[in-house]
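If you want the building blocks of each chain, they are given just below.
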Amino acid sequence: MSVYHEELKIKETQLLREVQQDLPPFLQEFFRGISQTTSTKTRLAYAYDLRVFFRYLYEEHDKLGGIAAQNLQVTDLNQITSEDIDCFLEYLSYYVHSNSENPAQQTQHHNEEKGKSRKLASIRSMFKYFYKKGKLSGNPATLVDTPKIHEKKITRLDVNEMANFLDAVESGEYLTDRQKARHEKTKKRDLALITLLLGTGMRVSECVGINRKDLDFQNHAVKVLRKGGNEVMLYFGEEVAEALSDYLEERNQTITKEDGEDALFLSSQGKRISVRAVQNLVKKYAHGVTAKNISPHKLRSTYGTNLYQETGDIYLVADTLGHADVNTTRKHYAEIEENRRRRAASFIKLRKD
């Protein structure tokens, strides 16, 4: 694992410890117990979700209301029913949270089906752990139905939009005057980065973690650390290789800050570029090219669509995108599968002409 990913893991661990200060002390056992089967990122997401849940209990629960999370015992979870969890999911649709340091400062929150499902999964994981350990008399979370998720049509670039998008990155055509002033300095980096995203379908988090030594031009491949912690080689075509090679000449002459010494993509401050910076970069260049809301994830969807249309191999697409379950991939590309099945009918002739 690279220094960057080790530092990211440490940062997430520190954040997890900070969030745990707002949670019941018994949850420390839960997070230790699942540490061998989950990533720090997953545990941090659980902690954020459970913090919302215990804040809700403090404000709304008929028996646990008014009891600070730090004063709760694991047996207090026996006071929570499936109906309570259902009410919590309804609460998530819209709620207001006050800043603990400045109560007058309030933040509004909204959750759609996906947000509710994720928080329910965190609650289920907590109840499952303590029920399995024999510390609870029941597991009400298993009685709660997962919110039905209405799949939205996937936003992706079509062939012409993709070409226009790359042209815009290279020319800076749709940028403001202020953005154009900086464009000449970042043009090669931006073109290499976006070409790499479009040409491999990698996640933006994987992209920012790449070091120069991870590139293998002989085999047209790049090593990335996947979501589950596995290192894999992703392969790219000639256009990606050309853009990377062109940028690398410039990158190798750049003086960097210590923490970005071997990073492939750098910020204007000479540090490793951040996920947020890449998101802003993609949005900036997409403006004027298309009315679609384009993000790095939409570029990933564009790659997946192109690969599936060219090969018709859903397992190849799942493997290349790093999906653990092919059904996740199939769900995303169901529309294309339906069109392929519809076209299949025209291939079969029952009587010769």
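Here's a quick rundown of the structure. (Residues numbered from 1 in each chain as written. Predicted model: local features only at pLDDT ≥ 70, side-chain atom pairs only at ≥ 80, totals over all residues. Heavy atoms only, no water.)

1. A word on the side chain of Arg-156
Part 1 of the reasoning: Topologically, Arg-156 is positioned in the loop between helix H5 (113–132) and helix H6 (159–171).
Part 2 of the reasoning: Residue classification places Arg-156 among the buried residues on the basis of a relative accessible area of 15%.
Part 3 of the reasoning: Looking at Arg-156, its side chain comes within polar contact range of the side chain of Thr-305, at 2.4 Å.
Part 4 of the reasoning: When residues no more than four places from it in sequence are discounted, the contact partners of Arg-156 are Glu-161, Lys-292, Lys-298, Ser-301, Thr-302, Thr-305, His-332 and Tyr-333. (Helix = DSSP H or I, 4+ residues; strand = E, 2+ residues; numbered from the N terminus. Buried < 20%, exposed > 50% of the residue type's maximum accessible area, 1.4 Å probe, protein only. Polar contact = N/O pair within 3.5 Å; in protein donor to acceptor, adjacent residues only side chain to side chain. Contact = heavy atoms within 4.5 Å.)

2. Description of the nonpolar core
Part 1 of the reasoning: Phe-165, Ile-194, Met-202, Leu-244, Phe-265 and Leu-299 are the most contacted members of the largest nonpolar core, which has 41 residues in total.
Part 2 of the reasoning: At the level of secondary structure, the elements contributing two or more residues to this core comprise H6, helix H7 (177–200), helix H8 (204–208), strand S4 (221–225), helix H9 (238–251) and helix H10 (275–286).
Part 3 of the reasoning: In terms of residue count, H7 provides more of this core than any other element does, seven residues in total.
Part 4 of the reasoning: Aside from chain neighbours lying at most four places away, what touches Met-202 is Leu-196, Leu-197, Cys-207, Ile-210, Val-222, Val-224, Arg-226, Leu-234 and Arg-300. (Core = buried A, V, L, I, M, F, W, Y, C linked by side-chain atoms within 4.5 Å.)

3. What to know about the packing of aromatic side chains
Aromatic rings considered in pairs are described by the distance between their centres and by the relative angle of their planes.
Part 1 of the reasoning: Within the structure shown, the criterion is met by 15 aromatic pairs.
Part 2 of the reasoning: Seen from their ring centres, Phe-30 and Phe-31 are 5.1 Å apart, and the 55 degrees between their planes marks the pair as tilted. Summarising the burial analysis for this pair, Phe-30 and Phe-31 share the class buried.
Part 3 of the reasoning: Arranged with centres 6.2 Å apart and planes meeting at 25 degrees, the rings of Phe-88 and Tyr-91 form a pair that is stacked. (Phe/Tyr/Trp six-rings, centres within 6.5 Å; stacked < 30°, edge-to-face > 60°.)

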